[in-house]
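Residues per chain are reported as follows:
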Amino acid sequence: MNEFLPFSRPSIDEATITSVAETLRSGWITSGPKVQEFERQLSEYFEGRPVRTFNSGTCTMEIALRIAGIGHGDEVITTPISWVATANVILEVGAIPVFADVDSITRNIDLNKVEAAITPRTKAIIPVYLAGKPVDMERLYKIAARHKLRVIEDAAQAIGSTWQGKPIGSFGDFVSFSFQANKNITTSEGGCLVLNNAEEAALAEKYRLQGVTRSGYDGIEVDVLGGKFNMTDIAAAIGLGQFAQLNVITAQRRKLARHYFAILGKDFEVETGAQLPLADFENTNWHLFQVVLPERITRADFMARMKDKNIGIGYHYAPIHLFKLYRALDFKEGMFPIAERIGRQIVSLPMFSAMSEHEVERTCVAMCEVLKN
């Protein structure tokens, strides 16, 4: 039998491993020169915008909300189909999460429903770029400008994605990326926040490390309530090695996605009742290759049968509003039917940069066997 094929696997080259070892030997393992260099390279990639790195792609969104002055009683609109962190950060700052259903084709937040959800208390929108696919960026920012809203882009999965040829993060408002282990590039755990100006960047630094500002040899002041969110030089050393390969990684993922479509063929949806992702090879970085299963098979059964064929299947994501924490806030089934259907049946097929076309073919054959039998 073939060896087990995971849905994701990070690729760390020997040069990066050597760099991590050198960092460990240097004696400077917390935030230092590697972090500064990583931030410099990220800023250059995002066309000169200020960038600060953090120990997760969750705290980046919370800090963006705090910088934007969003807090108790303010409403923030987001999608029900995301990792729960997207909504949790809204609660963390004392604001009120407001969900808008998703588009059935892109699986991203439906911008028509965003506009319908805006009230006088709405202060921000957090769109999520599921599997790395951006929303309609022009329309998003027109809505935000018309209603004077801040935008915190949850671009956790979108490093390397573009809009009209420009990298996601090189324009807009706040843009948050994750470098968690299964992302297209990783720092093992970590993230970064793209900001609008030097003042916001300075405030992000305060929130990153206990609200502290240092001056001179021994000057220290604290004027905001910060946390402990800094990235280490060890993580940044991994990030620098990974970031150098971003274009190669993105091209390889797009190649693998094209192969998925080619092997499954134009009749796959009709023959199986499953729904493929939108075939976007211009903007999407193909962080995930996701299929929505037909209702006749449960996701758990599909995952179990694929595991029997030694293929790992991921699950991204459960509808946030149906978790107990959010049900307690009066969210319930039936409120966002498209998100609920997708969240019930969506699966992530194997997709990682070291994956081979043969492994794509193996996955497709196994999936068709499961869905057609």
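Visitor: Would you take a moment to explain the nonpolar core for this structure?
Guide: Proteins that are soluble and globular tend to have nonpolar side chains buried together. In this structure, Phe46, Ile168 and Phe177 are the most contacted members of the largest nonpolar core, which totals 42 residues. Those elements that place two or more of their residues in this core are α2 (33–45), α5 (111–117), α6 (137–147), β8 (174–178), β9 (191–194), α8 (233–243) and α9 (246–264). With sequence-adjacent residues up to four places away left out, isoleucine 168 is seen in contact with Phe46, Tyr129, Pro134, Met137, Glu153, Ala155, Ala158, Ser161, Thr162, Trp163, Val175 and Phe177. Leu5, Leu256, Phe302 and Leu371 belong to the second largest nonpolar core, which has 31 residues in total.

Visitor: What exactly am I supposed to notice about the pairing of strand β12 (residues 289–292) here?
Guide: Regular strands have side chains that alternate between both faces of the sheet. Burial of the side chains of β12 extends over both faces: Phe289 and Val291 are buried on one face and Gln290 and Val292 on the other. Two strands pair when backbone bridges link them, and β12 and strand β13 (residues 346–349) are joined in this way by four bridges, in the antiparallel orientation. Among the inter-strand pairings, glutamine 290 is bridged to a residue of β13, identified as serine 348.

Visitor: What is the right way to read the pattern of salt bridges from this model?
Guide: Pairing between side chains becomes possible if they bear opposite charge and their charged atoms approach one another. This model, assessed by the stated rule, comprises 21 salt bridges. A salt bridge links arginine 146 to glutamate 115, with the nearest nitrogen and oxygen atoms 2.8 Å apart. Residue arginine 146 is found in helix α6, and its partner glutamate 115 is found in helix α5; the two are separated by 31 residues along the sequence. On the accessibility criterion, glutamate 115 (25% relative accessible area) is partly exposed. A single salt-bridge network, built from bridges that share partners, covers Glu37, Arg40 and Glu44.

Visitor: Which parts of the structure should I look at to understand α2?
Guide: Since the α-helix turns once every 3.6 residues, residues separated by three or four places project in the same direction. Here α2 is 13 residues long and its end C-alpha atoms lie 18 Å apart, about the 18 Å a rise of 1.5 Å per residue gives. Taken together, the buried positions of α2 are Val35, Phe38, Glu39, Leu42, Ser43 and Tyr45. Around the axis of α2, the buried residues are gathered within 155° of arc, so they sit on the same side. In α2, the exposed residues that point more than 90 degrees away from the buried face are Gln36 and Glu44. Next to the buried residues of α2 lie β1 (51–54), β7 (166–167), β9, α7 (198–208), α8 and α9. Once α2 ends, the next one or two residues include glutamate 47, with phi positive near 60°.

Visitor: Please explain the side chain of aspartate 110 as it appears in this structure.
Guide: Mapped onto the fold, aspartate 110 is located in the loop between β3 (96–99) and α5. The contacts of aspartate 110, once residues within four sequence positions are left out, are Asp101, Val102 and Asp103.

Visitor: Even after reading the chapter, I still don't get helix α13 (residues 337–345), so can you show me in this structure?
Guide: Along α13, the positions that sit buried rather than exposed are Ala339, Glu340, Ile342, Gly343 and Gln345. Against β12, α11 (299–308) and β13 lie the buried residues of α13.

Visitor: For this particular structure, what's the right way to read the packing of helix α3 (residues 59–67) against helix α4 (residues 85–92)?
Guide: When two helices pack together, their arrangement is given by the angle between the helix axes and by the axis-to-axis distance. Packing of α3 against α4 leaves a shortest axis separation of 9 Å and a crossing angle of 40°. In terms of their interaxial angle, α3 and α4 are classed as oblique. Like other packed secondary-structure pairs, α3 and α4 cross with a definite hand, here right-handed. Residue-level contacts link Met61, Glu62, Leu65 and Arg66 of α3 to Ala85, Thr86, Val89, Ile90 and Glu92 of α4.

Visitor: Can you walk me through unusual backbone geometry in this structure?
Guide: For residues other than glycine, phi is negative in most cases, and the peptide bonds are mostly trans. Residue tyrosine 317 is reached from histidine 316 by a cis peptide bond, and omega for that bond is 15°. Considering the arrangement of structural elements, one finds tyrosine 317 in the loop between α11 and α12 (324–327). Even without a glycine there, the phi angle at glutamine 164 is positive, about 50°. Overall, the relative accessible area of 55% leaves glutamine 164 in the exposed class. Despite not being glycine, asparagine 310 has its phi angle at roughly 65°, a positive value. In this fold, asparagine 310 is placed in the loop between α11 and α12.

Visitor: How should I be thinking about the environment of serine 43 in this particular structure?
Guide: Within the element layout of this structure, serine 43 appears in helix α2. The class for serine 43 is buried, based on a relative accessible area of 15%. Separated by 215 residues in the primary sequence, serine 43 and arginine 258 place their C-alpha atoms 30 Å from one another. Non-local contacts of serine 43, meaning those with residues more than four positions away in its chain, are made with Gly48, Arg49, Pro50 and Val51.

Visitor: Please explain the pairing of β3 as it appears in this structure.
Guide: Alignment of strand β2 (residues 75–78) against β3, held across four bridges, turns out to be parallel. Bridge assignment links isoleucine 77 to a residue of β3, and that residue is valine 98. Handedness of the β-α-β unit built from β2, α4 and β3 comes out right-handed.

Visitor: Teacher, can you tell me more about the packing of α9 against helix α14 (residues 357–372) here?
Guide: Packing of α9 against α14 leaves a shortest axis separation of 9 Å and a crossing angle of 40°. Considering their axes alone, α9 and α14 lie oblique with respect to each other. Judged by the twist between their axes, the crossing of α9 over α14 is right-handed. Residue-level inspection shows Lys255, Leu256, His259, Tyr260, Ile263 and Leu264 of α9 in contact with α14, the latter providing Glu357, Val360, Glu361, Thr363, Cys364, Met367 and Cys368.

Criteria and thresholds
Residues numbered from 1 in each chain as written. Predicted model: local features only at pLDDT ≥ 70, side-chain atom pairs only at ≥ 80, totals over all residues. Heavy atoms only, no water. Core = buried A, V, L, I, M, F, W, Y, C linked by side-chain atoms within 4.5 Å. Buried < 20%, exposed > 50% of the residue type's maximum accessible area, 1.4 Å probe, protein only. Helix = DSSP H or I, 4+ residues; strand = E, 2+ residues; numbered from the N terminus. Contact = heavy atoms within 4.5 Å. Pairing = 2+ DSSP bridges. Salt bridge = Lys/Arg side-chain N within 4 Å of Asp/Glu carboxyl O. Expected span 1.5 Å × (residues − 1). Arc of directions from axis to C-beta. Axes fitted to C-alpha atoms, helices over the stretch in contact; angles between N-to-C directions. Parallel < 35°, antiparallel > 145°, perpendicular 65-115°, else oblique. Left-handed = near helix turned anticlockwise from the far one by under 90°. Right-handed = clockwise from strand over helix to strand, strands pointing away.

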